[in-house]
Amino acid sequence: MTGVRVLVGTAKGGFIIESDGKRSDWKVEGPLFGGWEVYHMAGSPADPSRLYASQSTGWFGQVIQRSDDGGRSWAPVGNQFLYDGDTGTHLWYDGTPRPWQFARVWHLEPSADDPDSVYAGVEDAALFQTTDGGANWSELPGLRTHRSGPSWQPGAGGMAVHTILIDPARPEQMHVAISAAGVFRSDDSGATWRPANKGLRSGGIPDEDAEVGHCVHRIARHPARPDVLFMQKHWDVMRSDDGGDSWYEISGDLPTDFGFPIAVHAHEPDTVYVVPITSDSEHYPPDARLRVYRSRTGGGEWEPLTAGLPQQNCYVNVLRDAMAVDGLDPCGVYFGTTGGQVYASADAGDTWQPIVRDLPRVLSVEVQARP
Amino acid sequence: MTCVIRVVLPHHLRNLAGVSHEVRLAVDDDAGPATQAAVMDALETAYPPLRGTIRDPATMRRRPFIRFYAGGDDLSHDPPEAPLPDPVLAGAEPFCVVGAMAGG
């Protein structure tokens, strides 16, 4: 592969959008798995031709697809996600205990060095792993069976592991984020976990600084500086300098600190991107103007990025897994909207162009790049 | 002995199985007339990508938005071990797996 391959999951199928390194002309292919929800597509860092896709519907359940040729052909692999042992219960919306029940895979996180090894974050919240290219999936039950598990509750979109971060230098260190339980950290490759939510304050829960129960929308970090984590929470943009042991707010001068995605520049660990939306009850941009906000100071001070983005009558949202950066220089930034547009910037956010319009609701965006 | 059961799949499952029309499954009937469960077992064996798409893999029960029809009757709520209707066993009628009308 040369250039850039953007993997777009939507509510009605997957799309692959490719360009050369200039990132100005784009070719759109799809839909893959038309009519199915594609929550996430991801490529292996160790083998860019190896792709995985999470395909599901309310009718037919979960399918995992795998490509060994960069998306030209696909084949279903294993789709058995069975919780390990006693499933136990978590809290339902009405406060009653409810047995864990698998619904779908929200996020796939391939290993940095083994194309056959992938983690899967699922709803109801749990972490699974394959080491044979997706043929078989087994749960890492230490997360779901954490002592706080019976108190976890779903957010409006369900209760899912939606973010998986693996320290490339110390792969035994992992972070996951769960809506609406919060961040959990493992230092033993996922065998055991501890909450990592100190410093978070959430007005929507009875104990605002509880150990768990926070609606963390997304966490991100630069791979070269793994102890610095950035978070977009239900409200508040947060930062940790100690691997999630403590957090402090960096919302600063954002027009609103509600949003879903957060991403870090590929080459500048202190350059961070968010897409603020109006509020928890108005999931569209303030003033109907789509603005990405960039901080070059690791948070606190933010600048709006608007060139090429709609600045009137815009009422889309950007979902938590729908923003990504490439590794080219200058860094490319990409995001997809609930209105079906995918925007790209080949200059770290200074200017934007829609690389496709009118797709179904965009659920996820990932990027593979090779200089 | 075996009987041949004709199965009609919905669009998405035909794509997943890589078939364009109804499928024909040889189902063992030595122990008695073929059942829904035996047809599902044979279907998943012949087309492994369909595993988990009609029956929940944790419970092996029909997914909520799947229906089973044959000969103008709704068999969805029949026990999985109930014998299939004679016209289905004889190959005169297909066993239809249907995605319920719901959603957008």
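Residues numbered from 1 in each chain as written. Chains lettered and ligands numbered in written order. Predicted model: local features only at pLDDT ≥ 70, side-chain atom pairs only at ≥ 80, totals over all residues.

Describing the overall build of chain A
Filter applied, for reference: Counting from the N terminus, the helices are DSSP H or I runs at least four residues long and the strands are E runs at least two residues long. To get the radius of gyration, use the C-alpha atoms; to get the globule rule, take the number of residues to the power 0.38 and multiply by 2.2 Å. The exposure scheme places C-beta atoms from the backbone and then counts, for each residue, the other C-beta atoms within 10 Å of its own, assigning buried at 20 or more, exposed at 12 or fewer, and partly exposed in between.
When helices and strands are tallied, chain A shows 0 helices and 30 strands. Over its C-alpha atoms chain A spans a radius of gyration of 19 Å, differing by no more than 12% from the 21 Å that the globule rule assigns to 371 residues. The C-alpha extent of chain A, read off along each of the three principal axes, is 50 × 45 × 40 Å. The burial tally for chain A puts 54% of its 371 residues in the buried class.

Topic: the overall build of chain B
Looking only at helices and strands, one finds 3 helices and 5 strands in chain B. For chain B, the C-alpha radius of gyration of 13 Å lies close to 13 Å, the compact-globule estimate for 104 residues. Each of the three principal axes of chain B carries a C-alpha extent, and together these read 40 × 30 × 25 Å. Out of the 104 residues in chain B, the part that is buried amounts to 27%.

Describing the sheet that holds strand β22 (residues 262-264) of chain A
Residues and elements named next belong to chain A. What counts is decided by this rule: Following DSSP output, two strands are said to pair if at least two bridges run between them. Axis definition: a line fitted to C-alpha atoms, over the contacting stretch in the case of helices. Angles run 0 to 180 degrees between N-to-C directions.
Taken together, the 4 strands give an open sheet; going across it, the order is β22-β23-β24-β25, and neighbouring strands pair in antiparallel fashion. Of all strands in the sheet, those with a lone pairing partner are β22 and β25 (303-305), marking the two edges. Here the strands of the sheet are splayed against their neighbours by 30 degrees on average, with no regard to which way each runs. As paired strands, strand β23 (residues 272-274) and strand β24 (residues 292-295) are joined by 3 bridges and run antiparallel to one another. Note that in β24 the partner of Y273 across the bridge is R294.

Overview of the interface of chain B and chain A
For the record, the criterion: Throughout, a pair of residues is in contact if the C-beta atoms placed from their backbones lie within 7 Å.
Between chain B and chain A, the contact holds 15 residues from the first and 13 residues from the second. Top contributing element to the side of chain B that touches chain A by residue count: helix α1 (residues 11-17) of chain B, with 3 residues.

Considerations on the pairing of strand β30 (residues 362-370) of chain A
All names here are of chain A. Counting buried positions along β30 gives 8 out of 9 residues, so the element sits mostly inside the fold. In the sheet, strand β1 (residues 3-10) pairs with β30 via 8 bridges, with the strands oriented antiparallel. Along β30, the bridge assignment pairs G3 with R370.

Comments concerning the pairing of strand β27 (residues 333-336) of chain A
All names here are of chain A. Covered by surrounding structure in β27 are V333 and F335 together with Y334 and G336, the residues of both alternating faces. Relative to β27, strand β26 (residues 323-325) is paired through 3 bridges, and the arrangement is antiparallel. Looking at the pairing, M323 lines up with F335 of β27. As defined by bridge partners, β27 adjoins strand β28 (residues 342-345) across 4 bridges and the pair is classed as antiparallel. Of the residues in β28, the one forming a bridge with F335 is Y343.

Description of the nonpolar core
How we decide: What we call a nonpolar core is a set of buried Ala, Val, Leu, Ile, Met, Phe, Trp, Tyr and Cys residues whose membership is set by joining through C-beta atoms within 7 Å.
Counting 134 residues, the largest nonpolar core has V122(A), V161(A), I178(A), M323(A), Y334(A), V342(A) and V365(A) as its most contacted members. Residues in contact with V122(A), not counting those within four places in the same chain, are F81(A), F102(A), R104(A), V105(A), W106(A), F128(A), A160(A) and V161(A).

Thoughts on the environment of G204(A)
Assignment of secondary structure puts G204(A) in the loop between β17 (194-195) and β18 (216-220). On a C-alpha basis, the gap between G204(A) and C314(A) in space is 28 Å, while along the polypeptide they are 110 residues apart.

A look at unusual backbone geometry
Residue and element names in this part refer to chain A. A cis amide bond links G30 to the next residue, P31, at an omega of 0 degrees. Looking at where P31 falls in the secondary structure, it is placed in strand β3 (residues 27-32). Note that the residue after D329, namely P330, is joined by a cis bond; omega there is 0 degrees. By secondary structure assignment, the location of P330 is in the loop between β26 and β27. The phi angle at A288 is positive, at roughly 60 degrees, despite the residue not being glycine.

Observations concerning the sheet that holds strand β5 (residues 51-57) of chain A
Residue and element names in this part refer to chain A. The antiparallel open sheet is built from 4 strands, whose spatial order is β4-β5-β6-β7. The open sheet terminates on both sides in strands that have one partner only, identified here as β4 (37-43) and β7 (75-76). Across 6 bridges, β4 lies against β5 in antiparallel orientation. If you follow H40 over to β5, its bridge partner there is S54.

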